[in-house]
There are 2 protein chains.
Amino acid sequence: MSVTPFMFGPWVIRNSEIFFESALSVALVNLKPVLPGHVLICPRRVVPRYYDLEDHEIADLWKSAKIVSKVIEKHFNGDGLTFAIQDGKNAGQTVPHVHIHIIPRQKTDYENTDQIYTEIEKEREPRTLETMAKEADELRVYFQ
Amino acid sequence: MSVTPFMFGPWVIRNSEIFFESALSVALVNLKPVLPGHVLICPRRVVPRYYDLEDHEIADLWKSAKIVSKVIEKHFNGDGLTFAIQDGKNAGQTVPHVHIHIIPRQKTDYENTDQIYTEIEKEREPRTLETMAKEADELRVYFQ
């Protein structure tokens, strides 16, 4: 785990929320997941737009996304995954730091599979720190 | 341009629909874009799921996505971009070949920015081959 806290845009992320780290990327559990297993993966460097990333950051980020998504799909009994980046405010981005939404999908989750994206924008109850830490603990095991 | 036709899943893609090629990836205009400038970028290799990709294919694909997205955002007067992969049928995937949707966004495109994803699933009128070829011709210029 990092000693310096990871900044998600302007927000300090607790180590208890982080379950995967690579050289240039960090994966964290979500305060307000739209579905079980909805996690975020970000470059360490705080940059708002995808085009701000260097090619080696991009390679690390999306390689990490493959490693993480494979695990969360299985752990949350998914059969399919949604990957999305809201790149800029007009695309729905709320934290100005590139982040990939990774969401395990099931046949039964929504009647219209793409309803997921409308759900991303809806107001949702935040989870407790305890719930998030517990989930991160469970996921962290896979990457040790 | 390739001599062997590019296969998008089971579909043969005409060279006239392709506007960008890298060693391992191909970008094509869309038969049924949800918004102007909605393009697709795929690995050359026909694999259904993201986890099927090798790390060097992933690096090439997402580096290409950066190059292509920067151009289409500007060309279509976007301010923001949506990137999405529907990875598997339960995530809305219809062609079993990994593809990134890249969509330039504008402040005024939808009242709810994430309505875009519902639109992706709706039935839309296919465009003519001529319209598609013309758009690909316009975009191809940027990458020569």
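Residues numbered from 1 in each chain as written. Chains lettered and ligands numbered in written order. Predicted model: local features only at pLDDT ≥ 70, side-chain atom pairs only at ≥ 80, totals over all residues. Heavy atoms only, no water.

Caption draft 1: How the structure looks around the pairing of strand 7 (residues 100-104) of chain A. Residue and element names in this part refer to chain A. In terms of burial, strand 7 is a largely internal element, 5 of the 5 residues being buried. Residues of strand 7 alternate between two faces, with Ile100, Ile102 and Pro104 on one and His101 and Ile103 on the opposite face, all of them buried. Two strands pair when backbone bridges link them, and strand 5 (residues 39-43) and strand 7 are joined in this way by 3 bridges, in the antiparallel orientation. Bridge pairing in strand 7 links Ile41 to Ile100. Where strand 6 (residues 81-87) lies against strand 7, 4 bridges are found, and the strand directions are antiparallel. Directly across from Leu81, in strand 7, lies its bridge partner Pro104. (Buried < 20%, exposed > 50% of the residue type's maximum accessible area, 1.4 Å probe, protein only. Helix = DSSP H or I, 4+ residues; strand = E, 2+ residues; numbered from the N terminus. Pairing = 2+ DSSP bridges.)

Caption draft 2: Region of interest: the environment of Asn90(B). Turning to its location among the elements, Asn90(B) is positioned in the loop between strand 6 (81-87) and strand 7 (100-104). Its relative accessible area of 12% is what places Asn90(B) among the buried residues. Excluding residues within four positions of it along the chain, Asn90(B) makes contact with Asp79(A), Arg105(A), Gln106(A), Lys107(A) and Thr113(A). Looking at Asn90(B), its side chain comes within polar contact range of the main-chain oxygen of Asp79(A), at 2.8 Å. (Contact = heavy atoms within 4.5 Å. Polar contact = N/O pair within 3.5 Å; in protein donor to acceptor, adjacent residues only side chain to side chain.)

Caption draft 3: Seen up close, the sheet that holds strand 7 of chain A. Sheet architecture is open: 10 strands sit in the order 3(A)-4(A)-5(A)-7(A)-6(A)-6(B)-7(B)-5(B)-4(B)-3(B), paired in antiparallel fashion. Edge positions in the open sheet fall to strand 3 (18-21) of chain A together with strand 3 (18-21) of chain B, since each of these has one partner strand only. This sheet shows a mean twist of 20° between the axes of neighbouring strands, independent of strand direction. With respect to the sheet, helix 3 (residues 129-140) of chain A is in contact with strand 3, strand 4 (25-29) and strand 5 of chain A, its orientation differing from that of strand 3 of chain A by roughly 35°. Contacting strand 3, strand 4 (25-29) and strand 5 (39-43) of chain B, helix 3 (residues 129-140) of chain B runs over the sheet at an angle of about 35° to strand 3 of chain B. (Axes fitted to C-alpha atoms, helices over the stretch in contact; angles between N-to-C directions.)

Caption draft 4: Molecular detail of unusual backbone geometry. Phi at Asn77(A) is positive, roughly 55°, even though this residue is not glycine. Asn77(A) gets classed as exposed once you look at its relative accessible area, which sits at 60%.

Caption draft 5: Spatial organisation of the interface of chain B and chain A. Contacts between the two partners involve 37 residues from chain B and, on the opposite side, 37 residues from chain A. Counting the surface lost from both chain B and chain A, the interface buries some 3,300 Å², and carbon and sulfur atoms represent 52% of this. Between Lys63(A) and Asp55(B) there is a salt bridge, with the nearest N and O atoms lying 3.9 Å from each other. Summed over the shared surface of chain B and chain A, the result is 12 residue pairs in polar contact (both at pLDDT 80 or more). Among the secondary structure elements, those contributing two or more residues to the side of chain B that touches chain A are helix 1 (55-75), strand 6 and helix 2 (115-121) of chain B. Looking at the side of chain B that touches chain A element by element, the count peaks at 9 residues for helix 1 of chain B. Here strand 6 of chain A pairs with strand 6 of chain B via 7 bridges, running antiparallel. When the sheet's bridge partners are listed, Thr82(A) is paired in strand 6 of chain B with Gln86(B). (Buried area = accessible area lost by both parts, 1.4 Å probe. Salt bridge = Lys/Arg side-chain N within 4 Å of Asp/Glu carboxyl O.)

Caption draft 6: Structural context of the UniProt feature "site: Important for induction of apoptosis" (unreviewed entry) in chain A. Listed under "site: Important for induction of apoptosis" (unreviewed entry) in the UniProt record, and renumbered for this structure, are Tyr117(A). Relative to the assigned elements, Tyr117(A) resides in helix 2 (residues 115-121). With a relative accessible area of 0%, Tyr117(A) lands in the buried category. Non-local contacts of Tyr117(A), meaning those with residues more than four positions away in its chain, are made with Thr82(A), Ala84(A), Ala84(B), Ile85(B), Gln86(B), Asp114(B) and Tyr117(B). (UniProt positions renumbered as here; feature names shortened; annotations may be inferred.)

Caption draft 7: Region of interest: the relation of the copies chain B and chain A. In the superposition of chain B on chain A (RMSD 0.0 Å, axial shift 0.0 Å), the rotation amounts to 180°. The transformation just described matches what one would write down for a two-fold rotation axis. Take the interface residues of chain B: 100% of them recur as interface residues in chain A, which is what a same-surface contact looks like. (Least-squares fit on C-alpha atoms with pLDDT ≥ 70 in both.)

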